[in-house]
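Residue-level structure breakdown
Chain residues, written in single-letter form:
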Amino acid sequence: MAQKQVSDQPSVQELIAKSSNKKQKQLVEKLIPIILFIIASISVLTTIGIVLTLIVETIIFFKDIPVFSFLFGTEWYPFANKEPAFGILPLIAGTLKVTIIAVIVAVPFGIGSAIFLSEYASDTTRRIIKPILEILAGIPTIVYGFFALTFVTPLLQQFIPDLKIFNALSPGIVVGIMILPMIASLSEDAMSSVPNSIREGALAMGSTKLEVALKVVVPAALSGIVASVVLAISRAIGETMIVSLAGGSTPKFDFDVTGSIQTMTAYIVQVSSGDAGYGTTIYYSIYSVGFTLFLFTLVMNLIAHAISKKYREEY
Amino acid sequence: MKYINHESVVKRMMSRLTINKVFKVIFFFATLFALLTLAILFYRIITQGIGYLTPEFFQNFSSRFPAKAGIKAALIGSIWLMFVVAPVSIILGVGTAIYLEEYAKKNKLSDFIRMNISNLAGVPSVVFGLLGLTIFVRALSLGNSVLAAGFTMSLLILPVIIVASQEAIRAVPNDVREASYGMGATKWQTVVKIVLPSAIPGILTGAILALSRAVGETAPLIVIGIPVIIQFLPTGLLSQFTALPMQIYDWAKRPQQDFQFVAAAGILVLMIFLLIMNSIAIFIRNKFSKRY
């Protein structure tokens, strides 16, 4: 009975022959890698697109404005009727002011939190705090911008009466809060990957937890920590909405942090949200500013990449 | 005879232990700073915005009068935007990840693609806006439409989705792949029927987190010229539209005090939108994640 059932069904060889339409299958197997490669090359095309766009439009801009006066000019008055000036230094100064304040806020708090989470906190505390830091990192920057404008600036004005409504200090502090979770979480990852045997070795020699943290763990994780800070600086340079809302639109080449400023990103936003006609010098100037911004962040990213690659310690 | 002076050891140890304790407190307060800021931020926005969060707020278009301003166009616009960004970015992101993890040979070209992705992740969003303005809005003449904004946002979050998908695919152990080959499956069959099903929770979690970044991103939308005062809903992919962060930006910039509250209400809507997306991501991660 059982034998008969088996003989009724097609043999295994027949089944294989039936199901493997060899030609069709081979075609699919050959086509799929090609299709996937085309998809993968879109990310490369995006980079090429960005670089080409910026370069081509910047070259058009340089037909109107000499390169020298763009790079070394200390006045940026693109909207002036008579003699518009396009010297990028004031915009760079604005960007640097915000970035430096942000770093001053974010580095001590970020690395402090990282040390606490990695060396002192219990597993339970870490499991509660890390997701909260992730929430902080996931808040849209427009929300931070609103927070800077409506809370941080009025708060600071109570301590510094001279502070203008638009200034560098308030967005700088808020950008610092924005990049803090990034520094904390990347540095914590770097410290956590330092093997426990090294910690235990130091503890057995009579070190306190602080000595272990500062003399053993931080030096061992230093490349990761520095890379996280450099990446965070790159984020701060490219940050747009916080500085657009709370920074103002007065590009100035000085060291004043209490008055209105303008960063490179805020200038691009200002021109885009107004109506500078297509083809005007002002229209092309956003590409030249964008290109400068792109180079700044690219250099920072490459430095971070090089640090984490070169000085990575393998245990 | 005593070799170790017990008292001096205790004395020296005490000061080191005290310093240790002091620094523990300092590090704890450094951590608290971030949490405290988050609490203040939420408290401020909820107390400012909750009063304006009425049913009319969801039914009205934006207006010159704070009391009449609503978020209808922006909310529907953001949902439209997601319907473009989600399929485009997930297909491109997962496709790239499959190529890099399963097909790419270890040569300079694949190294270059990987390096390129990590650099692309660091490009400021405002620069992506310039790319979108030149390529999608002008060169392909899509105008400031849902499609142009959707493509721009897709490219912006592409690196995040690629990296998340790569990690999810890498987490599928090789044993399973080899078992599949052993049964006579081809490479593509293995990818589709074995690798992807186990990697999908990780891929979806990463994709939703990336999409929630696209929901909150403002700068590229401003640069490609998305308008804020729109009195109609999008009718198609080539229709003009506005989005939640654009609307909030517009309200926050206005000088009247009352618009600050409208902006806060808009932020609340945006945050609830993000909260829903993130809850879905966490749900998927907990429900479907498999461990080998």
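Computed from a prediction, not measured in an experiment: that's the story for all the values here.

So, the overall build of chain B
- Of regular secondary structure, chain B possesses 11 helices and 0 strands.
- Listing each helix as α and each strand as β along chain B from the N terminus yields α-α-α-α-α-α-α-α-α-α-α.
- Here the C-alpha atoms of chain B give a radius of gyration of 26 Å, more than 25% beyond the 19 Å that 2.2 N^0.38 yields for 292 residues.
- With the C-alpha coordinates aligned to their principal axes, the bounding extent of chain B is approximately 95 × 65 × 35 Å.
- Buried positions account for 52% of the 292 residues belonging to chain B.
- Pairs at least 24 apart in sequence give 75% of the contacts found in chain B among residues at least 6 apart.
- A total of about 14,300 Å² of accessible surface is found on chain B, and carbon and sulfur atoms cover 67% of it.
- Within chain B, the 11 negative side-chain charges are centred at a point lying 4 Å from the centre of the 26 positive side-chain charges.

Side note on the interface of chain A and chain B
- Contacts between the two partners involve 73 residues from chain A, matched on the other side by 74 residues from chain B.
- Of the roughly 6,400 Å² buried at the junction of chain A and chain B (both faces included), carbon and sulfur atoms supply 79%.
- At the junction of chain A with chain B, the criterion picks out 1 salt bridge.
- In this structure, R16 of chain B and E211 of chain A form a salt bridge, with 2.8 Å as the shortest nitrogen-oxygen distance.
- For the side of chain A that touches chain B, the per-class residue count stands at 45 nonpolar, 23 polar and 5 charged.

Overview of the packing of helix 5 (residues 89-120) of chain A against helix 6 (residues 123-138) of chain A
Residues and elements named next belong to chain A.
- Where helix 5 contacts helix 6, the two axes come as close as 10 Å, and the packing angle between them is 150°. As summarised for this structure, helix 5 and helix 6 are arranged roughly antiparallel, according to the angle between their axes. Once helix 5 is placed against helix 6, the crossing between them reads as left-handed. Counting all contacts with helix 5, which are made through F116, L117 and S118, the residues of helix 6 involved are T125, R126, I129, K130 and L133.
- For the contact of helix 5 with helix 6, the class distribution of residues is 4 nonpolar, 2 polar and 2 charged.

Some thoughts on the nonpolar core
- I50, V143, Y144, M191 and Y267 of chain A are the most contacted members of the largest nonpolar core, which totals 181 residues.
- It is helix 11 (residues 257-288) of chain B that contributes the most residues to this core, 15 residues altogether.
- Among the domains, domain 1 (2-64) and domain 2 (85-310) of chain A are the pair contributing at least three residues each to this core.
- Beyond its immediate chain neighbours, meaning those up to four positions away, Y144 of chain A contacts L136, I139, V174, I177, M178 and I242 of chain A together with L41 of chain B.

Details of the layout of surface pockets
- Looking at the second largest pocket, its volume works out to about 580 Å³.
- Around the second largest pocket, the lining comprises 26 residues; the ones closest to its centre are L149, F166 and L245 of chain A together with A252 and K253 of chain B.
- When residues in the lining of the second largest pocket are grouped by element, the largest group, 5 residues, is from helix 7 (residues 141-159) of chain A.
- Of the residues in the lining of the second largest pocket, the class split is 10 nonpolar, 13 polar and 3 charged.

Section: helix 13 (residues 264-273) of chain A
- In terms of residue burial, helix 13 of chain A counts as a mostly covered element, since 8 of its 10 residues are buried.
- Among the residues making up helix 13 of chain A, those that are buried are M264, T265, A266, Y267, I268, V269, V271 and S272 of chain A.

Quick word on helix 4 (residues 108-120) of chain B
- Across its 13 residues, helix 4 of chain B extends 18 Å between first and last C-alpha, which sits within 8% of the 18 Å expected from 1.5 Å per residue.
- All of the buried residues along helix 4 of chain B are S110, I113, N116, I117, N119 and L120 of chain B.

Points about the environment of G95 of chain B
- Structurally, G95 of chain B can be placed in helix 3 (residues 72-103).
- Classification of G95 of chain B as buried rests on a relative accessible area of 5%.
- C-alpha separation for the pair G95 of chain B and P159 of chain B, spaced 64 residues apart in sequence, amounts to 12 Å.
- When sequence neighbours within four positions are dropped, the list of residues in contact with G95 of chain B reads L36 and I39 of chain A together with I90 of chain B.

Some thoughts on the UniProt feature "transmembrane region" (unreviewed entry) in chain A
All names here are of chain A.
- As recorded in UniProt, the sites labelled "transmembrane region" (unreviewed entry) are residues 31-62, 85-111, 132-156, 168-191, 212-233 and 282-304.
- Taken end to end, residues 31-62 comprises 100% helix and 0% strand; its first and last C-alpha atoms sit 45 Å apart.
- End C-alpha to end C-alpha, residues 132-156 measures 26 Å, and it is 92% helix and 0% strand.

A look at the domain arrangement of chain A
Residues and elements named next belong to chain A.
- The domains assigned to chain A are domain 1 (2-64) and domain 2 (85-310).
- Here domain 1 and domain 2 have C-alpha centroids that lie 40 Å from each other.
- Every contact between the two is made by 10 residues of domain 1 and, on the other side, 9 residues of domain 2.
- Roughly 950 Å² is buried in total at the junction of domain 1 and domain 2, and carbon and sulfur atoms are behind 82% of that figure.
- If you sort the residues of domain 1 by the area they bury against domain 2, L54, E57 and F61 come out on top, with a joint share of 56%.

Describing the packing of aromatic side chains
All names here are of chain A.
- Under the definition given, this model contains 21 aromatic pairs over all chains.
- A ring pair is formed by F61 and F86, whose centres lie 5.5 Å apart and whose planes are at 80°; its orientation type is edge-to-face. In this pair, F61 sits in helix 3 (residues 22-64) while F86 sits in strand 2 (residues 85-86), placing the two residues 25 residues apart along the sequence. Residues F61 and F86 agree in their burial class; the two are buried.
- Each ring, one from Y283 and one from Y287, has its centre 5.6 Å from the other, and the planes form 65°; the classification is edge-to-face.

Remarks on the UniProt feature "domain: ABC transmembrane type-1" (unreviewed entry) in chain B
- UniProt marks residues 75-280 of chain B with the feature "domain: ABC transmembrane type-1" (unreviewed entry), using the numbering shown here.
- Taken end to end, residues 75-280 of chain B has its terminal C-alpha atoms 19 Å apart, with 78% of it in helix and 0% in strand.

Looking at the UniProt feature "transmembrane region" (unreviewed entry) in chain B
Residue and element names in this part refer to chain B.
- With numbering aligned to this structure, UniProt lists the feature "transmembrane region" (unreviewed entry) at residues 21-46, 73-100, 120-140, 146-169, 190-212, 218-238 and 259-284.
- For residues 21-46, helix accounts for 100% and strand for 0%, while the C-alpha atoms at its two ends are 37 Å apart.
- Between the end C-alpha atoms of residues 120-140 the distance is 22 Å, and the span holds 76% helix and 0% strand.

Here we look at the side chain of S239 of chain B
All names here are of chain B.
- In this fold, S239 is placed in the loop between helix 9 (219-223) and helix 10 (244-253).
- Reaching out from S239, the side chain makes a polar contact with the backbone nitrogen of T235 at a distance of 3.3 Å.
- Ignoring any residue separated from it by four or fewer positions in sequence, one finds S239 in contact with N144, S145, V146, F232 and P234.

Cut-off values and rules
- Residues numbered from 1 in each chain as written.
- Chains lettered and ligands numbered in written order.
- Predicted model: local features only at pLDDT ≥ 70, side-chain atom pairs only at ≥ 80, totals over all residues.
- Heavy atoms only, no water.
- Helix = DSSP H or I, 4+ residues; strand = E, 2+ residues; numbered from the N terminus.
- Rg over C-alpha atoms; globule rule 2.2 N^0.38 Å.
- Buried < 20%, exposed > 50% of the residue type's maximum accessible area, 1.4 Å probe, protein only.
- Contact = heavy atoms within 4.5 Å.
- Areas by Shrake-Rupley, 256 points an atom, 1.4 Å probe, with all protein chains shown as cover.
- Lys, Arg positive; Asp, Glu negative; His and termini not counted.
- Charge placed at Lys NZ, Arg CZ, Asp CG, Glu CD.
- Buried area = accessible area lost by both parts, 1.4 Å probe.
- Salt bridge = Lys/Arg side-chain N within 4 Å of Asp/Glu carboxyl O.
- Nonpolar A, V, L, I, M, F, W, Y, C, P; charged D, E, K, R; others polar.
- Axes fitted to C-alpha atoms, helices over the stretch in contact; angles between N-to-C directions.
- Parallel < 35°, antiparallel > 145°, perpendicular 65-115°, else oblique.
- Left-handed = near helix turned anticlockwise from the far one by under 90°.
- Core = buried A, V, L, I, M, F, W, Y, C linked by side-chain atoms within 4.5 Å.
- Domains from an automatic or database assignment.
- 1 Å grid on protein atoms, 1.4 Å probe; cavity = no way out; pocket = protein on both sides within 12 Å on 5 of 7 lines; lining within 4 Å.
- Points joined across faces, edges and corners; volume = space filled by probe spheres on them.
- Expected span 1.5 Å × (residues − 1).
- UniProt positions renumbered as here; feature names shortened; annotations may be inferred.
- Phe/Tyr/Trp six-rings, centres within 6.5 Å; stacked < 30°, edge-to-face > 60°.
- Polar contact = N/O pair within 3.5 Å; in protein donor to acceptor, adjacent residues only side chain to side chain.

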